[in-house]
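Here's the letter readout for the chains.
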Amino acid sequence: MASMIVADALVRAGHDVKQSEVHGMAQRGGSVFSHIRWGSDVDSPLVPAGSAEVLAAFEWAEAIRWVEYVRDGGAVVADIRTIIPPGACTDRRSWATRYPDIDAGLFDGRHIKTRLIDASSTATELGNVRAANSVILGSVAAFLDIDDVHWEAAIASLVPRGTVEINIAAFRAGRTVSDAEVPQQVPDPDGFPGPHQIEIRHEWCKGCDICSRFCPEFCLEVDIDGKLVVVNADACTGCRLCELLCPDFAITIRPPLEPAIAAGPTDATGSST
Amino acid sequence: MTDVKTYLREWAMPHVLCPGCAHGIVLRSFLESVDQLQLDRNKVAMVAGIGCSSRLVGYVDFCTLHGTHGRAPAFATGLKLARPELNVVVVTGDGDGLAIGGNHLIHAARRNIDMTVLMLNNSIYGMTGGQAAPTTPEGSVASTTPQGNTEPNFDACKLLIGAGASHVVRVLAANPLEMTKVMADAMTHPGFSFIEIISDCPEYFGRYNKVGGGAEMLSWMAVRDEGITIPLANKSFVKHVPSSAPPSGMKTGVLHREVRPVYAGVRGEQ
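1. Points about the overall build of chain A
Reasoning step 1: Looking only at helices and strands, chain A features eight helices and 11 strands.
Reasoning step 2: Counting all 273 residues of chain A, 32% fall into the buried class.

This is the structure:
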């Protein structure tokens, strides 16, 4: 949608324009991008690497991913919003990630002007967070030589009915919005409390192998004598699959901080009645 | 949530069931559902007949009644009429409930007695040596059908819907969380609730039909299931899913639910 608006505005300004879009599943590491080329006569829709005038990144990691396409001395407009993809997760127990730090000076070596904006907050202040993309377009417009009349006509013709006003207001705000402060990245205060504890009651276990075959983390193994052993205690995420699927009540998963009750024969009376 | 092991008669454990038998998973899920409903353990009565599944009542710390072969629904009917305040749960197997006890089961359903019947279907007579049961799928090998079973098998849920059960569900033993939810639903349902649990018999059915042990049989249920649920066994982390596809066509989930008058005895007492 945003690239359609850019393309439409360029057409209105009298250029020959070619635009291409690729939609992948971004959350799983796929690509979502579009190229726009304009000029007096455009033959190919794709922008060669290292030649783009402006990169509009709707998310910080996308800016890093596509900055190779920007020419030296070009511009990057990036939203400071961060969407952490599952592929960046390094530890499923603590949700630690290797998401890159937001850094306005990261592309200085190539003389690329970096403009960081907080589009979501700006749009929220105007009344609708969904107009955030128009804020980004406004910031992009500052780097392109197109008259605002064309921009606003393009927005009015393409956004859903009833949202024209807010989108144009967001576009104007984007032109003038001040650079966003880079948010401090705070580490998770809870941190990783340690793996869950796997408690095996060997006198009940029959070595049927169900738990070890179903454990997604391969924590358990039945050894050559048919005895169940924990081979990878650190990997337990506490999913309780082994506990729920154990037909013999031989496995108990305890949360990390709770001290495990020593395994062994318990009180013969069992329970209260 | 309390540890469900507190509902066990721990002195009787470990139970007699074979390694890999899913009946233990069913028992655990049942205890979780009792825990979820916070039922008084002195107000839960488990009634069973004869068979592997019926052995489960020996390990639970509720009121238990171990009756004669196939007659568990009859005992449970009497118990419920005499002591209506009890939560009566019948544990039966496919042979116990559908062959020798078929009549008792359908008449309890017809009367809409307020009880829950857990029928653990392992498709074979496990306790007596792997003979073919009314639920043994056509073509499957049992000790009495070495060339493959030539008879069609029962669809227990259709039978019970026809007999008048007011709540009929089918679940897979490979799906413990769903089992817990379904059992809790059934125990709160007023009237006759029937749950067919697709369990397994690795020792006889799995061995004769070359399906494998407990883990393979749990995976195998996923192949059988055509239902609305996604069994755990269907997840890709299961290392070996056997290629010999069993007869499919079993729908899982809540197959029938209605509210109709509950039989309350001659004097009309509830």
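What follows picks up the thread again.
2. Notes on the interface of chain A and chain B
Reasoning step 1: Listed as interface residues are 19 residues of chain A and, on the opposing side, 30 residues of chain B.
Reasoning step 2: Sorting the residues of the side of chain A that touches chain B by element identifies helix 7 (210-214) and helix 8 (241-245) of chain A as the ones contributing at least two each.
Reasoning step 3: Top contributing element to the side of chain A that touches chain B by residue count: helix 7 of chain A, with three residues.
Reasoning step 4: A per-class count over the side of chain A that touches chain B returns 10 nonpolar, five polar and four charged.

3. A look at helix 1 (residues 23-37) of chain B
Reasoning step 1: For helix 1 of chain B, with 15 residues, the first-to-last C-alpha span of 21 Å sits near the 21 Å given by 1.5 Å per residue.
Reasoning step 2: Within helix 1 of chain B, 12 of the 15 residues are buried, leaving the element largely enclosed by the surrounding structure.
Reasoning step 3: Those residues of helix 1 of chain B that sit buried are B:His23, B:Gly24, B:Ile25, B:Val26, B:Leu27, B:Arg28, B:Ser29, B:Phe30, B:Leu31, B:Glu32, B:Ser33 and B:Val34.
Reasoning step 4: Structurally, helix 1 of chain B contributes buried residues whose contacts are with helix 8 of chain A together with strand 1 (44-48), strand 4 (116-121), helix 6 (176-188) and strand 6 (193-198) of chain B.

4. A look at helix 5 (residues 148-158) of chain A
All names here are of chain A.
Reasoning step 1: Burial in helix 5 covers these residues: Trp-151, Ala-154 and Ile-155. Burial along helix 5 is one-sided: seen end-on, the buried residues are contained in an arc of 100 degrees. Opposite its buried face, helix 5 presents the exposed residues Val-149 and Ser-157, each directed more than 90 degrees away.
Reasoning step 2: Where helix 5 is buried, its residues meet helix 1 (2-12), helix 4 (132-141) and helix 6 (164-176).

5. Observations regarding the confidence of the model for chain A
Reasoning step 1: Looking at chain A, the pLDDT average stands at 82 and 86% of residues meet or exceed 70.
Reasoning step 2: This model gives residues 258-273 of chain A a pLDDT under 50, and the stretch forms 20 contacts once residues within four places in sequence are excluded.

6. Side note on the environment of A:Arg201
Residues and elements named next belong to chain A.
Reasoning step 1: Summarising the element assignment, Arg-201 is placed in the loop between strand 8 (197-200) and helix 7.
Reasoning step 2: Classification of Arg-201 by C-beta neighbours within 10 Å gives buried; the count is 20.
Reasoning step 3: Between the C-alpha atoms of Arg-201 and Thr-252, which are 51 residues apart in sequence, the distance is 8.2 Å.

7. Quick word on the sheet that holds strand 5 (residues 167-172) of chain B
Residue and element names in this part refer to chain B.
Reasoning step 1: Taken together, the seven strands give an open sheet; going across it, the order is 2-1-3-4-6-5-7, and neighbouring strands pair in mixed fashion. Strands at the two margins of the open sheet, each flanked by one partner only, are strand 2 (63-66) and strand 7 (253-257). The mean inter-strand angle of the sheet, taken between neighbouring strand axes irrespective of direction, is 15 degrees.
Reasoning step 2: One ladder, built from five bridges, connects strand 1 with strand 3 (residues 87-93); its direction is parallel. Following the sheet pairing, Ala-48 is matched in strand 3 by Val-91.

8. Focus on the packing of helix 4 of chain A against helix 6 of chain A
Residues and elements named next belong to chain A.
Reasoning step 1: Across the interface, helix 4 lies against helix 6 with an axial gap of 6 Å and an inter-helix angle of 45 degrees. As far as their axial angle goes, helix 6 and helix 4 are oblique. By crossing handedness, the relation of helix 4 to helix 6 is classed as right-handed. Residues Ser-134, Val-135, Ile-136, Leu-137, Gly-138, Ser-139 and Ala-141 of helix 4 form the contact with helix 6, whose own contacting residues are Asn-167, Ala-170, Phe-171, Arg-172, Ala-173, Gly-174 and Arg-175.
Reasoning step 2: Across the contact of helix 4 with helix 6, the residue classes break down as seven nonpolar, five polar and two charged.

9. So, the packing of helix 3 (residues 119-126) of chain A against helix 4 of chain A
All names here are of chain A.
Reasoning step 1: It is at 8 Å that the axes of helix 3 and helix 4 come closest, and there the two elements cross at 115 degrees. Seen from above, helix 3 lies across helix 4 with right-handed handedness. The segment helix 3 lies against helix 4, with Ala-119, Ser-120, Thr-122 and Ala-123 engaging Ala-132, Val-135 and Ile-136.
Reasoning step 2: Partitioned by chemical class, the residues of the contact of helix 3 with helix 4 number five nonpolar, two polar and no charged.

10. Brief notes about the sheet that holds strand 4 (residues 70-79) of chain A
All names here are of chain A.
Reasoning step 1: One open sheet holds the three strands; their spatial order is 3-4-7, and the pairing between them is parallel. Two strands close off the open sheet at either side, each with one partner strand: strand 3 (52-57) and strand 7 (113-117). The sheet shows a mean angle of 10 degrees between the axes of neighbouring strands, direction not considered.
Reasoning step 2: For strand 4 and strand 7, the ladder comprises five bridges, and the chain directions are parallel. Each residue of the ladder has a partner; that of Val-77, found in strand 7, is Arg-115.

11. A short note on the nonpolar core
All names here are of chain B.
Reasoning step 1: Met-46, Val-47, Val-90, Leu-118, Ile-195 and Ile-197 are the most contacted members of the largest nonpolar core, which totals 102 residues.
Reasoning step 2: Looking at which element gives the most residues to this core, the answer is helix 1, with six residues.
Reasoning step 3: Once residues within four sequence positions are removed from consideration, Met-46 is found in contact with Val-57, Val-60, Phe-62, Thr-64, Val-89 and Val-91.

12. Observations regarding the confidence of the model for chain B
Atomic detail in the predicted coordinates should be set aside for any region of low pLDDT.
Residues and elements named next belong to chain B.
Reasoning step 1: Mean pLDDT over chain B: 84, with 87% of residues reaching 70 or higher.
Reasoning step 2: Segment residues 225-248 is flagged for pLDDT under 50; beyond a separation of four residues in sequence, or across chains, it makes 54 contacts in the model.
Reasoning step 3: Confidence estimates for the predicted assembly give a pTM of 0.67 and an ipTM of 0.83.

13. Description of the pairing of strand 3 of chain B
Residues and elements named next belong to chain B.
Reasoning step 1: Counting buried positions along strand 3 yields seven of seven residues, so the element is predominantly enclosed.
Reasoning step 2: Burial along strand 3 is two-sided: Asn-87, Val-89, Val-91 and Gly-93 facing one way and Val-88, Val-90 and Thr-92 facing the other are all buried.
Reasoning step 3: Both strand 3 and strand 4 contribute to a ladder of five bridges, which runs parallel. Bridging from a neighbouring strand, Val-90 pairs with Val-117 of strand 4.

14. Describing the environment of B:Glu32
Residues and elements named next belong to chain B.
Reasoning step 1: With respect to the helices and strands, the residue Glu-32 is situated in helix 1.
Reasoning step 2: For Glu-32, a count of 22 C-beta atoms within 10 Å gives the class buried.
Reasoning step 3: For the pair Glu-32 and Met-179, spaced 147 residues apart in the sequence, the C-alpha separation amounts to 9.4 Å.
Reasoning step 4: Those residues in contact with Glu-32, other than ones at most four positions away along the chain, are Val-4 and Thr-180.

About the thresholds
- Residues numbered from 1 in each chain as written.
- Chains lettered and ligands numbered in written order.
- Predicted model: local features only at pLDDT ≥ 70, side-chain atom pairs only at ≥ 80, totals over all residues.
- Helix = DSSP H or I, 4+ residues; strand = E, 2+ residues; numbered from the N terminus.
- Buried ≥ 20, exposed ≤ 12 C-beta atoms within 10 Å, placed from the backbone.
- Contact = placed C-beta atoms within 7 Å.
- Nonpolar A, V, L, I, M, F, W, Y, C, P; charged D, E, K, R; others polar.
- Expected span 1.5 Å × (residues − 1).
- Arc of directions from axis to C-beta.
- pLDDT = per-residue confidence, 0-100.
- Pairing = 2+ DSSP bridges.
- Axes fitted to C-alpha atoms, helices over the stretch in contact; angles between N-to-C directions.
- Parallel < 35°, antiparallel > 145°, perpendicular 65-115°, else oblique.
- Left-handed = near helix turned anticlockwise from the far one by under 90°.
- Core = buried A, V, L, I, M, F, W, Y, C linked by C-beta atoms within 7 Å.

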